[in-house]
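In case you want the letters, here they are:
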Amino acid sequence: MKYVAQKHVKKGFLILTASLSTLCASLVMAGEQTGAGTQAADYRQSIEAWRTRRHEGLARSDGWLTLVGLEWLKEGENRIGSGAENDIRLSGGPEFWGSVNLQGDKLHFVSGSDQVTIGGEVLQQAELIPDSRGESTLVASGSVSFYVIFRESYALRVKDSQAPARLNFKGVENYPVDEAWRINGRFERADAGAAIEISNVLGQISELPVFGTFEFDRDSKTHRLLAIGDIHSRNLWFIFADRTSGRGTYGAGRFLYSDGMPVDGHLLVDFNKAYNPPCAFNPYSTCPLPPPENRLDLKVTAGEKDYHPDAD
């Protein structure tokens, strides 16, 4: 009887041990699944937060949705105002804002109204700094403002914080968040001083520094993108097009920044953060276009879709 009892005890112990092992394995598996689920949820929330910040940036009172004009300056005096007799007619403010005098690379504004501020102050006159030389000088009256940009020649970029495009903005449609488009690809540094010529929507060409090439595998093919940046960059910039361009996404391509800089020959690029250039929102921007090297033979079904304000 003693032997039988011991035998039953041993058998019970083995059953209990097996049950505990099964339970522990189940708990570990459940923990792994919970952890994976939490990570996926955290990632989705991070992308949604990024999209919220993107929406807020577009909806700002000085964002791209407020751009209402691009006016090229002629040499000499350029009379500006809401009146029909001006060289450049604005949508609001006084009939005569004043004059921008362009002499070579010098831009001088002479005010014609105390309703106009120059750099936030009511001044009689001031030199205007274009965007090519630092922070542009803002000239404003009410909801309308302008500043000088340089794109081979000088022009006024005109904005209105009460533009219908901004007031009616409800957001940009995106593809569903897909972590598979968060790619830790290979990165090859370019030679020092490497650069590429990039054309813009006006047909103008500028030279931008190339930091290297991002390479990744997708749909059984290897794809490459040239990364714009230099040793001072915190992220690398991609101007790219793909097989969704004009077929669901903006026809002239999209922009994208890497998540940080390359580490040990790898670079993290999240296509869920691909976004439309300013030209998708107004006809007055001077957006750069994707170079031939950055036209992917691939459908990038991630990030922002094309913007159709009439559908809002």
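Here the structure is a predicted model, which is why all the values come from computation and not from measurement.

Undergrad: Explanation requested: the overall build of the chain in the structure shown.
TA: Helix and strand content of the chain: two helices and 17 strands. By residue count, 41% of the 312 residues in the chain fall in the buried class. If you take every contact in the chain between residues at least 6 apart in sequence, the share linking residues at least 24 apart comes to 55%. Within the structure as shown, the chain displays about 17300 Å² of accessible surface, and the carbon and sulfur contribution to it stands at 52%.

Undergrad: Looking at this structure, how should I read the packing of aromatic side chains?
TA: The geometry of an aromatic ring pair is captured by two quantities: the separation of the ring centres and the angle between the planes. Following the criterion strictly, the structure yields 15 aromatic pairs and no others. Between Phe109 and Phe146, the ring centres sit 6.1 Å apart and the planes meet at 70 degrees, which makes this aromatic pair edge-to-face. Of this pair, Phe109 sits in strand 5 (residues 106-111) while Phe146 is found in strand 9 (residues 144-150), placing the two residues 37 residues apart along the sequence. Take Phe109 and Phe146: they sit in the same class, and that class is buried. Above the plane of the ring of Phe96 lies Arg79, whose end atom (NZ or CZ) is 4.1 Å from the centre. Positioned over the ring face of Tyr175 is Lys305, at 4.8 Å from the centre of the ring.

Undergrad: Just to check I follow, could you spell out the layout of surface pockets for this structure?
TA: One way to see where empty space is left: roll a probe the size of a water molecule over the atoms. Of the voids in this model, the largest pocket is the one considered here, and its volume is about 310 Å³. Looking at the lining of the largest pocket, the elements that each hand over two or more residues are strand 12 (195-199) and strand 13 (205-218). Counting residues per element, the lining of the largest pocket draws most heavily on strand 13, which supplies three residues. Across the lining of the largest pocket, the residue classes tally to nine nonpolar, six polar and three charged.

Undergrad: Explanation requested: empty space enclosed by the protein in the structure shown.
TA: Tallied over the entire structure, the rule returns one cavity of 30 Å³ or more. Put simply, the largest cavity is a space of about 30 Å³. Around the largest cavity, the lining residues are Val201, Tyr250, Ala252, Gly253, Phe255, Pro277, Cys279, Cys287, Pro288 and Leu289. Residue composition of the lining of the largest cavity, grouped by class: nine nonpolar, one polar and no charged.

Undergrad: Explain the sheet that holds strand 6 (residues 117-118) to me, please; I cannot follow it from the model alone.
TA: Backbone hydrogen bonds are what pair the strands of a sheet, in a parallel or an antiparallel way. Taken in spatial order, the five strands line up as 1-10-9-8-6 in an open sheet, and their pairing is antiparallel. Strand pairing shows two members of the sheet lacking a second neighbour, strand 1 (67-72) and strand 6, which therefore form its edges. Across three bridges, the pairing between strand 8 (residues 139-141) and strand 9 is antiparallel. The partner of Val139 across the bridge, within strand 9, is Phe146.

Undergrad: Would you explain the environment of Val68 in this entry?
TA: For Val68, the location among the structural elements is in strand 1. By relative accessible area, Val68 is classed as partly exposed at 30%. Considered as a pair, Val68 and Arg157 are 89 residues apart in the sequence and their alpha carbons are 8.1 Å apart. If near-sequence neighbours (up to four positions away) are discounted, Val68 is found in contact with Val158, Lys159, Asp160, Ala163 and Tyr284.

Undergrad: Just checking my understanding: could you explain the sheet that holds strand 3 (residues 88-89) for this structure?
TA: The sheet built from five strands is open, its strands ordered 3-2-4-5-7 with mixed pairing. Since the sheet does not close on itself, it has two edges, and those belong to strand 3 and strand 7 (125-127), each with one partner. Pairing of strand 5 with strand 7, which is carried by three bridges, proceeds in the antiparallel orientation. The residue of strand 7 that forms the bridge with Phe109 is Ala126.

Undergrad: I would appreciate a short explanation of the confidence of the model for the chain in the present structure.
TA: Low-pLDDT stretches of the model should not have their predicted coordinates read in fine detail. Of all residues in the chain, 88% have pLDDT values of 70 or greater, and the mean over the chain is 91. Note that residues 1-18 has pLDDT below 50 and, in this model, zero contacts with residues that lie over four places away or in other chains.

Undergrad: Hey, could you run me through the environment of Glu173 in this one?
TA: You can see Glu173 is positioned in the loop between helix 2 (164-167) and strand 11 (182-189). Note: C-alpha distance between Glu173 and Thr249 (76 residues apart in sequence) is 9.8 Å. For Glu173, the residues in contact, after removing those within four places along its chain, are Glu304 and Lys305.

Undergrad: I keep staring at unusual backbone geometry and nothing clicks. Help me out?
TA: Glycine aside, a negative phi is what most residues show, and trans is what most peptide bonds show. Even without being a glycine, Asp219 presents a positive backbone phi close to 55 degrees. Looking at the element boundaries, Asp219 is found in the loop between strand 13 and strand 14 (221-228).

Reading the values: rules and limits
Residues numbered from 1 in each chain as written. Predicted model: local features only at pLDDT ≥ 70, side-chain atom pairs only at ≥ 80, totals over all residues. Heavy atoms only, no water. Helix = DSSP H or I, 4+ residues; strand = E, 2+ residues; numbered from the N terminus. Buried < 20%, exposed > 50% of the residue type's maximum accessible area, 1.4 Å probe, protein only. Contact = heavy atoms within 4.5 Å. Areas by Shrake-Rupley, 256 points an atom, 1.4 Å probe, with all protein chains shown as cover. Phe/Tyr/Trp six-rings, centres within 6.5 Å; stacked < 30°, edge-to-face > 60°. Lys NZ or Arg CZ within 6 Å of the ring centre and 35° of its normal. 1 Å grid on protein atoms, 1.4 Å probe; cavity = no way out; pocket = protein on both sides within 12 Å on 5 of 7 lines; lining within 4 Å. Points joined across faces, edges and corners; volume = space filled by probe spheres on them. Nonpolar A, V, L, I, M, F, W, Y, C, P; charged D, E, K, R; others polar. Pairing = 2+ DSSP bridges. pLDDT = per-residue confidence, 0-100.

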